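Examination of the molecular architecture
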Amino acid sequence: MLKSSPMKIYVLLIFCAFALSGCEEKINPGSKQTFPVTGVITVDGKPPGSPISISVHDEQGIDPEDPSVSSSLSQNDGSFALNTYQQGDGVPVGKYTLTFYWGTWNAISMGFGGSDRLNDRYRKVEGSTIKFEVDGAGPIDLGTIELTTE
């Protein structure tokens, strides 16, 4: 049977802590600070009843040095929290435009298919009026975003 002194165990624990902290930095070396952005979507004045895909477009374009992509899926009641690196963490400082796609949700493939039930009214960045700015001062509540099918 192997015998370990308390000192060896202590040194091993310190080594593991440093190794793990080093790995964390390598996983997301270009991560930017994010700020929570939440809101609620209604369709024709009612909760959608199924998820709507939300895409976030940075008005400055993709950062070539530290690119990130932000998006979200609404809940059935229309509530959402935008994501960049993990669920609900928000988006980095910047000016953004939102686009929406409401297809048929396939729980097996975890994706959307079929035609857009919003009739492609909110799928293109050009012409979207749903814009917001994150200035780094804290969380942002976009309130209710009213979408229509007509």
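Observations regarding the side chain of Thr99
- Positionally, Thr99 belongs in strand β5 (residues 94-101).
- Here the side chain of Thr99 touches His57 through a polar contact of 2.8 Å, side chain to side chain.
- Non-local contacts of Thr99, meaning those with residues more than four positions away in its chain, are made with Ser53, Ile54, Ser55, His57, Tyr122, Arg123, Lys124 and Val125.

What to know about the packing of aromatic side chains
- The tally for this structure, following the rule as stated, stands at 3 aromatic pairs.
- Ring geometry for Phe100 and Tyr122: centres 6.4 Å apart, planes at 85 degrees, overall edge-to-face. Within this pair, whereas Phe100 is found in strand β5, its partner Tyr122 is found in the loop between β7 (111-113) and β8 (131-134), the two being separated by 22 residues in sequence.
- Exposure remark for Phe100: the relative accessible area of 1% places this residue in the buried category.

A word on the sheet that holds strand β4 (residues 79-81)
- Here 3 strands make up an open sheet; going across it, the order is β4-β1-β9 and the pairing mixed. Here the strands that pair on one side only, and so sit at the sheet edges, are β4 and β9 (140-147). Taking the axes of each pair of neighbouring strands and ignoring which way they run, one obtains an average angle of 20 degrees across the sheet.
- Pairing analysis gives 6 bridges linking strand β1 (residues 37-43) to β9, with the strands arranged parallel. Its bridge partner being in β9, Val40 is matched across the sheet by Thr144.

Focus: the sheet that holds β8
- Within the open sheet, the 4 strands sit side by side as β3-β2-β5-β8. Their pairing is antiparallel. With one partner strand each, in any of the chains shown, β3 (70-73) and β8 form the two edges of the open sheet. Taking each pair of neighbouring strands and ignoring which way they run, the sheet shows an average axis angle of 30 degrees.

With respect to the pattern of salt bridges
- A full pass over the atoms with the stated rule returns 3 salt bridges.
- Where Asp63 meets Lys32, a salt bridge forms, and the shortest distance between an N and an O atom there is 3.2 Å. Of this pair, Asp63 sits in the loop between β2 (53-58) and β3 while Lys32 sits in the loop between α1 (6-27) and β1, placing them 31 residues apart in sequence.
- The closest approach of N and O atoms between Asp120 and Arg123, which form a salt bridge, is 3.3 Å.

Here we look at the nonpolar core
- Residues Leu82, Leu98, Phe100, Phe132 and Leu147 are the most contacted members of the largest nonpolar core, which totals 22 residues.
- In contact with Leu82, not counting residues within four places along its chain, are Val37, Ile54, Val56, Ser71, Ser72, Gly88, Asp89, Gly90, Val91, Leu98 and Phe132.

Observations regarding the environment of Ile130
- With respect to the helices and strands, Ile130 occurs in the loop between β7 and β8.
- Ile130 gets classed as buried once you look at its relative accessible area, which sits at 15%.
- Note: C-alpha distance between Ile130 and Thr99 (31 residues apart in sequence) is 7.7 Å.
- Contact partners of Ile130, with chain neighbours within four places excluded, come to Tyr96, Thr97, Leu98, Phe100, Ile145 and Leu147.

Cut-offs and rules
Residues numbered from 1 in each chain as written. Predicted model: local features only at pLDDT ≥ 70, side-chain atom pairs only at ≥ 80, totals over all residues. Heavy atoms only, no water. Helix = DSSP H or I, 4+ residues; strand = E, 2+ residues; numbered from the N terminus. Polar contact = N/O pair within 3.5 Å; in protein donor to acceptor, adjacent residues only side chain to side chain. Contact = heavy atoms within 4.5 Å. Phe/Tyr/Trp six-rings, centres within 6.5 Å; stacked < 30°, edge-to-face > 60°. Buried < 20%, exposed > 50% of the residue type's maximum accessible area, 1.4 Å probe, protein only. Pairing = 2+ DSSP bridges. Axes fitted to C-alpha atoms, helices over the stretch in contact; angles between N-to-C directions. Salt bridge = Lys/Arg side-chain N within 4 Å of Asp/Glu carboxyl O. Core = buried A, V, L, I, M, F, W, Y, C linked by side-chain atoms within 4.5 Å.

That is the geometry; function is a separate question.
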